[in-house]
Amino acid sequence: MPQAPIAGSGWLDQFPSHSARLSNGLATDREWSAFSYSSCLIRGFCDIEVVRAALADEGVFPVGAIRRGDATPKAMATIWLNVIEDSVCGAYNEVVLSFDVNHSRPDAVAFHESRLTKATWALQYANFGPSVCDSQFLHSLWINSPLSITWGREMQGFPKHPKPVASTLSDDADAFGFDVAWDGRNVMRGRAAKRFGAVPFIREGMGLVASNGLFGVSRFLASPSFDIPITMPAKTAAQHDVPRHYVGHLWKGRNPSAVQVWPWGPDDVFELGDVSEPTGCEDNNGHVLLKQAGFKPVSVTYVPRSSAVVELVR
């Protein structure tokens, strides 16, 4: 199937930009934007109490999901593997850890998994209309570009770890691979096979509709872009006196294969390391947190050749 188109300046131009300057003297925009990037998202479940404790000082609560055969809610986490080809702070690789959160309810539950509502498709719930997920809380970002780290922390409070990683994100025809390390020590690495074609496309459509409703899925397909509310850590925002709440506008186009979802497979690989590096601010060694919380991948989402803007919540 053809890949989704890059949005281009026509779409990006609708979002206002404001001039700013980094501490190193470089002139820039205060809003993050990317003309061209591709993203592979690994979504899954982890221990909600471990995540709740980690977010206790952030004023947010992890949203739960009830898995089939288990009465105890699980927290939902997403690993974003972004190959950024052209952005306000250049080209670089970006790995992000976010959690589905609610801003006021400690007991919010997004869905109950069942024979009809399977986790692979139900995990996409926040894209299909109002839900108990108020935002994605960005816990950690691992970046291989010092410029992107400086820009992210100073302009919008992204918790980009101050120490750059050595990272390889390989977006190949048959798989998306990733290898992220500090000084040769594993942060995370793995490989997700690409399982998309005619039959998986039909399975995706049926699964998404069964789990999220025909109206919400149809509206998502008809829109060229979708929005993701974002909350930054309190300490990062305070360090540079910037707000915490933003919204990401993500272009996908109207191509039905612009956003591809498939189940995590038994031959896929996801390995978390134990290495930890201080930040001098927040604790954003998110790979350590995921390991403590027993993160288990469930679904893969692939968004090729996209564009995006992150701006303050209006």
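Chemist: I'm lost on the state of the cysteines in this one. Help?
Modeler: In protein chemistry, a disulfide is the covalent bond that joins the sulfur atoms of two cysteines. On inspection of all chains with the given rule, the structure shows 0 disulfides. There is no disulfide at Cys46, and the cysteine sulfur nearest it, in Cys133, is 13 Å away. Classification of Cys46 as buried rests on a relative accessible area of 2%. With no disulfide of its own, Cys89 has Cys281 as its nearest cysteine by sulfur position, at a separation of 18 Å. The buried category is assigned to Cys89, whose relative accessible area is 3%.

Chemist: Before we go on, may I ask you to explain the sheet that holds strand β12 (residues 185–193) in this structure?
Modeler: Two strands in a sheet stick together by hydrogen bonds in their backbones, pointing the same way (parallel) or opposite ways (antiparallel). The 4 strands lie next to each other as β10-β11-β12-β16, forming an open sheet whose pairing is antiparallel. Strand pairing shows two members of the sheet lacking a second neighbour, β10 (166–171) and β16 (269–272), which therefore form its edges. Adjacent strand axes in the sheet meet at a mean angle of 5°, parallel and antiparallel pairs treated alike.

Chemist: Would you mind showing me how to read the side chain of Ser39 here?
Modeler: Within the secondary structure layout, Ser39 lies in strand β3 (residues 32–47). Of the polar contacts made by the side chain of Ser39, one reaches the side chain of Asn82; its length is 2.6 Å. Among all residues touching Ser39, those that are not within four sequence positions of it are Trp80, Leu81, Asn82, Thr301, Tyr302 and Val303.

Chemist: Sorry if this is basic, but what is going on with the nonpolar core here?
Modeler: Nonpolar side chains in soluble globular proteins generally cluster together in the buried interior. Ranked by internal contacts, the top residues of the largest apolar core, which has 38 residues, are Ile79, Leu81, Phe99, Trp142, Met188 and Phe270. Sorting elements by how many residues they give to this core places strand β6 (residues 74–87) first, with 5 residues. Dropping the residues within four chain positions of it, Met188 is found in contact with Ile79, Val95, Trp142, Phe178, Asp179, Val180, Phe270, Glu271, Leu272 and His287. Grouped together as the second largest cluster of nonpolar side chains are 36 residues, Trp80, Ile143, Val217 and Phe226 included.

What counts as what
- Residues numbered from 1 in each chain as written.
- Predicted model: local features only at pLDDT ≥ 70, side-chain atom pairs only at ≥ 80, totals over all residues.
- Heavy atoms only, no water.
- Disulfide = S-S within 2.5 Å.
- Buried < 20%, exposed > 50% of the residue type's maximum accessible area, 1.4 Å probe, protein only.
- Pairing = 2+ DSSP bridges.
- Helix = DSSP H or I, 4+ residues; strand = E, 2+ residues; numbered from the N terminus.
- Axes fitted to C-alpha atoms, helices over the stretch in contact; angles between N-to-C directions.
- Polar contact = N/O pair within 3.5 Å; in protein donor to acceptor, adjacent residues only side chain to side chain.
- Contact = heavy atoms within 4.5 Å.
- Core = buried A, V, L, I, M, F, W, Y, C linked by side-chain atoms within 4.5 Å.

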